[in-house]
Amino acid sequence: MAEYIPSPTEWVRNQVELYESSGGTEGTSLNGLAVIIVTNKGRKTGAIRKTPLMRVADGDNYVLVASRGGAPTHPVWYYNLQADPNVEIRDGVDVHSMKVREVEDSAERQRLWDIAVEAFPPYQEYQDKTDRSIPVFIAEPAG
Ligand code: F42
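Residues numbered from 1 in each chain as written. Predicted model: local features only at pLDDT ≥ 70, side-chain atom pairs only at ≥ 80, totals over all residues. Heavy atoms only, no water.

(A) Expanded view of the overall build of the protein. Along its length, the protein carries four helices and eight strands. Reading the protein from its N terminus to its C terminus gives the helix and strand order α-β-β-β-β-β-α-β-β-α-α-β. Dimensions of the protein along its principal axes, counting C-alpha atoms only, are 40 × 35 × 30 Å. Looking at the protein as a whole, 44% of its 143 residues are labelled buried. Long-range pairs, those at least 24 residues apart, make up 61% of the contacts in the protein with a sequence separation of at least 6. As displayed, the protein has an accessible area near 7,700 Å², and 49% of this comes from carbon and sulfur atoms. The distance from the centre of the 15 positive side-chain charges to the centre of the 21 negative ones in the protein is 7 Å. (Helix = DSSP H or I, 4+ residues; strand = E, 2+ residues; numbered from the N terminus. Buried < 20%, exposed > 50% of the residue type's maximum accessible area, 1.4 Å probe, protein only. Contact = heavy atoms within 4.5 Å. Areas by Shrake-Rupley, 256 points an atom, 1.4 Å probe, with all protein chains shown as cover. Lys, Arg positive; Asp, Glu negative; His and termini not counted. Charge placed at Lys NZ, Arg CZ, Asp CG, Glu CD.)

Next comes the structure, spelled out in structure tokens:
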């Protein structure tokens, strides 16, 4: 069983800890907006990594936005998902096995981007402040 390595960012690590230790009944939001936790595999360490993201649902799918607050570089979990698309998504008390793919088609990306900005308007501000094209993944049930 791979080991879990917590985020080095304290507020993130603390949110994961509260969310998971409460079985998804606490720590499930940020500024009143729903948060999910994406469990992914470290592409270098093979470790279990847990990444909270804003909850953006598209039917049974989730839209994962690698915004990192509009930083000039991608969050490193982006590379984890590229290396291993098999993730678990905790959405409140529910945990789903899912498979992610980066959205390349521009029409699909625009549709999903609009849904994401509707759910969390700051995404647009983040995109406006960086030349980096913020990657969008769609997570679909692993079937
Ligand atoms: N981040 C977003 O990008 N989008 C969101 O919608 C979002 C919402 C959100 C809500 C609540 C919350 O608490 C946090 C939220 N975040 C959101 C922040 C998000 O959870 C991440 O903290 C942030 O995106 C940065 O991701 P990161 O993967 O770059 O984190 C860094 C700080 C990190 O964990 N670095 C580790 C370290 O030791 O420096 C390494 C992590 C890692 O995965 N290492 C890989 C491995 O093998 O283990 C190697 C990765 C590589 O290739 O280098």
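Alright, that's what it looks like, and here's the rest.
(B) Broad picture of the environment of Arg-43. Tracing the chain through its elements places Arg-43 in the loop between strand 2 (33-41) and strand 3 (48-54). A relative accessible area of 48% places Arg-43 in the partly exposed class. For Arg-43 and Ala-83, which are 40 residues apart along the polypeptide, the C-alpha to C-alpha distance reads 6.1 Å. Beyond its immediate chain neighbours, meaning those up to four positions away, Arg-43 contacts Tyr-79, Asn-80 and Ala-83.

(C) Representation of the site of the ligand. What surrounds the ligand is a group of 25 residues, the closest being Arg-43, Lys-44, Thr-45, Pro-52 and Tyr-123. Lys-44 is positioned with one of its backbone polar atoms (N or O) 2.7 Å from an oxygen atom of the ligand. Between the ligand and Met-54 there is a distance of 3.2 Å, counted from an oxygen atom to a backbone nitrogen or oxygen. Protein coverage of the free-state accessible area of the ligand, which is 1,000 Å², stands at 81%. At a threshold of 2 Å from the grid points, most atoms of the ligand map onto the largest pocket. Of all the secondary structure elements, the ones that give two or more residues to the shell around the ligand are helix 1 (10-21), strand 3 and helix 2 (77-83). (Near = heavy atom within 4 Å. Polar contact = N/O pair within 3.5 Å; in protein donor to acceptor, adjacent residues only side chain to side chain. 1 Å grid on protein atoms, 1.4 Å probe; cavity = no way out; pocket = protein on both sides within 12 Å on 5 of 7 lines; lining within 4 Å. Sits in = over half its atoms within 2 Å of the grid points.)

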